[in-house]
Amino acid sequence: MIVNKPYILSGAEKTTPEVTTFTFKAQDSTTVDFMPGMFAMLAYHEDGTGQKISRAYSIANTPNSDCLKFFISMIGGQLTSKLAGAKVGDLYYISAPYGQFKFDINSGNRLLFLAGGTGLAPFYSMLEFIISKGAKPDIVLIYSVKYSDEIIEKEKLEGMIAQLGGKLTVTVTRPKPDDVWKGDTGHVNAQMISKYAPDVKERISYICGPPEFVKALKQALAGLGVPEREIRAEMWG
Ligand SMILES: Cc1cc2nc3c(=O)[nH]c(=O)nc-3n(C[C@H](O)[C@H](O)[C@H](O)COP(=O)(O)OP(=O)(O)OC[C@H]3O[C@@H](n4cnc5c(N)ncnc54)[C@H](O)[C@@H]3O)c2cc1C
């Protein structure tokens, strides 16, 4: 059931140069029932003018908490510029949950997660959820970022993947000339998927990120012979 209620901003932490992690606590301290992968509508209500700005954000934490966490790319748009000036204690409205991008822990024991930028958010929720359930599926996560300093909550991410015995590959699409990055570079493609998940046809694939990322990877997976029914995707924009 979708619930719309007031939340108080309880944390805003600049996680990378472009991304801030926002945490909102339900004013009534009750939880929202959602499946990892789903998103919420975050709304700012301007005092006096009655103006409302509402945008979709994937939920980055596990269910069963009275808080909702989002990884937000601070692009200076309508809502993100309000958030840039937000202070702990500010009031927002959040309705949730929405979407068909839902992680089903029983869907398969071999998983491929493909994340583009802040498209990492639902995978954070999934990883926390899997750990909380004590499950140990075989996870390959390929995570694409523009710059090497854009890895969101890097240590926590590495810690969760290590705890699950999974495989994490980060690829940097726009390495800078003075970059010390020694890992993969370039966009995720069929070749990269085959390298890190040679058994891709036996995996359930989840993709989340901007439209061009999702479209390209759906095509890449189809080209590798992955049936459409084994692919779950969330496209932004
Ligand atoms: C299901 C769903 C889940 C989403 N989850 C997230 C999430 O977890 N984190 C997140 O950050 N966003 C997420 N988004 C995007 C989010 O809803 C907003 O669109 C985004 O935050 C911009 O809102 P805004 O009001 O600040 O910008 P607006 O005032 O709406 O302006 C957006 C404008 O900026 C342009 N733009 C878009 N992206 C960029 C960019 N990276 N750099 C520069 N310009 C850009 C667009 O073309 C558009 O013209 C999600 C979208 C959907 C549909």
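Residues numbered from 1 in each chain as written. Predicted model: local features only at pLDDT ≥ 70, side-chain atom pairs only at ≥ 80, totals over all residues. Heavy atoms only, no water.

**Quick word on the sheet that holds strand 12 (residues 231–235)**
Note: strands within a sheet are paired through backbone hydrogen bonds, in either parallel or antiparallel orientation.
Move 1: The strand order across the open sheet built from six strands is 10-9-8-7-11-12, with neighbouring strands paired in parallel fashion. Of all strands in the sheet, those with a lone pairing partner are strand 10 (184–185) and strand 12, marking the two edges.
Move 2: The sheet contact formed by strand 9 (residues 167–172) and strand 10 spans two bridges and is parallel. Looking at strand 10, one finds that valine 172 is bridged to threonine 185.
Move 3: Sheet strands in contact with helix 5 (residues 211–223) are strand 7 (110–116), strand 8 (138–145), strand 11 (204–209) and strand 12, and its direction is about 160° off that of strand 11. (Pairing = 2+ DSSP bridges. Helix = DSSP H or I, 4+ residues; strand = E, 2+ residues; numbered from the N terminus. Contact = heavy atoms within 4.5 Å. Axes fitted to C-alpha atoms, helices over the stretch in contact; angles between N-to-C directions.)

**Considering the domain arrangement of the protein chain**
Move 1: Partitioning the protein chain into domains gives domain 1 (3–98) and domain 2 (110–235).
Move 2: Each of domain 1 and domain 2 has a C-alpha centre, and the two are 24 Å apart.
Move 3: Buried area between domain 1 and domain 2, summed over both chains or domains, comes out near 1600 Å², and the portion from carbon and sulfur atoms is 59%.
Move 4: In this structure, the connection of domain 1 to domain 2 is made through two salt bridges.
Move 5: With its nearest N and O atoms 3.2 Å apart, the salt bridge here joins glutamate 153 to lysine 69.
Move 6: If you look at where domain 1 meets domain 2, you find seven residue pairs in polar contact (both at pLDDT 80 or more).
Move 7: Among the secondary structure elements, those contributing two or more residues to the side of domain 1 that touches domain 2 are strand 2 (19–26) and strand 5 (67–73). (Domains from an automatic or database assignment. Buried area = accessible area lost by both parts, 1.4 Å probe. Salt bridge = Lys/Arg side-chain N within 4 Å of Asp/Glu carboxyl O. Polar contact = N/O pair within 3.5 Å; in protein donor to acceptor, adjacent residues only side chain to side chain.)

**A word on the layout of surface pockets**
Move 1: Roughly 580 Å³ of volume is contained in the largest pocket.
Move 2: In terms of lining, the largest pocket is formed by 21 residues, of which the most central are Gly116, Gly117, Lys146, Pro210 and Glu212.
Move 3: Of all the secondary structure elements, the ones that give two or more residues to the lining of the largest pocket are strand 8 and helix 5.
Move 4: Ranked by residue count, the leading element in the lining of the largest pocket is helix 5, at five residues.
Move 5: Considering only residue class, the lining of the largest pocket consists of nine nonpolar, seven polar and five charged.
Move 6: Domain assignment of the residues forming the lining of the largest pocket places at least three in each of domain 1 (3–98) and domain 2 (110–235). (1 Å grid on protein atoms, 1.4 Å probe; cavity = no way out; pocket = protein on both sides within 12 Å on 5 of 7 lines; lining within 4 Å. Points joined across faces, edges and corners; volume = space filled by probe spheres on them. Nonpolar A, V, L, I, M, F, W, Y, C, P; charged D, E, K, R; others polar.)

**Observations regarding the pattern of salt bridges**
Move 1: Inspection of every chain in the model, using the stated rule, returns 13 salt bridges.
Move 2: Where lysine 146 meets glutamate 18, a salt bridge forms, and the shortest distance between an N and an O atom there is 3.4 Å. You can see lysine 146 sitting in the loop between strand 8 and helix 3 (154–163) and its partner glutamate 18 sitting in the loop between strand 1 (3–14) and strand 2, a full 128 residues away along the chain.
Move 3: Its relative accessible area of 27% is what places glutamate 18 among the partly exposed residues.
Move 4: Where arginine 110 meets aspartate 199, a salt bridge forms, and the shortest distance between an N and an O atom there is 2.8 Å. Highlighted residues: arginine 110 in strand 7 and aspartate 199 in the loop between helix 4 (190–196) and strand 11, separated in sequence by 89 residues.
Move 5: Exposure remark for arginine 110: the relative accessible area of 33% places this residue in the partly exposed category.
Move 6: Among the ionic contacts, a cluster of salt bridges with common partners joins Arg110, Asp138, Asp199, Glu202 and Arg203. (Buried < 20%, exposed > 50% of the residue type's maximum accessible area, 1.4 Å probe, protein only.)

**Description of the site of the ligand**
Move 1: In the vicinity of the ligand there are 16 residues, among which Arg55, Ala56, Tyr57, Gln78 and Thr80 approach most closely.
Move 2: Between phenylalanine 71 and the ligand, the recorded distance is 2.8 Å, taken from a backbone N or O atom to a nitrogen atom.
Move 3: Side-chain polar atom of threonine 80 to an oxygen atom of the ligand: 2.5 Å apart, as the coordinates give it.
Move 4: Looking at the shell around the ligand residue by residue, the class counts come to eight nonpolar, seven polar and one charged. (Near = heavy atom within 4 Å.)

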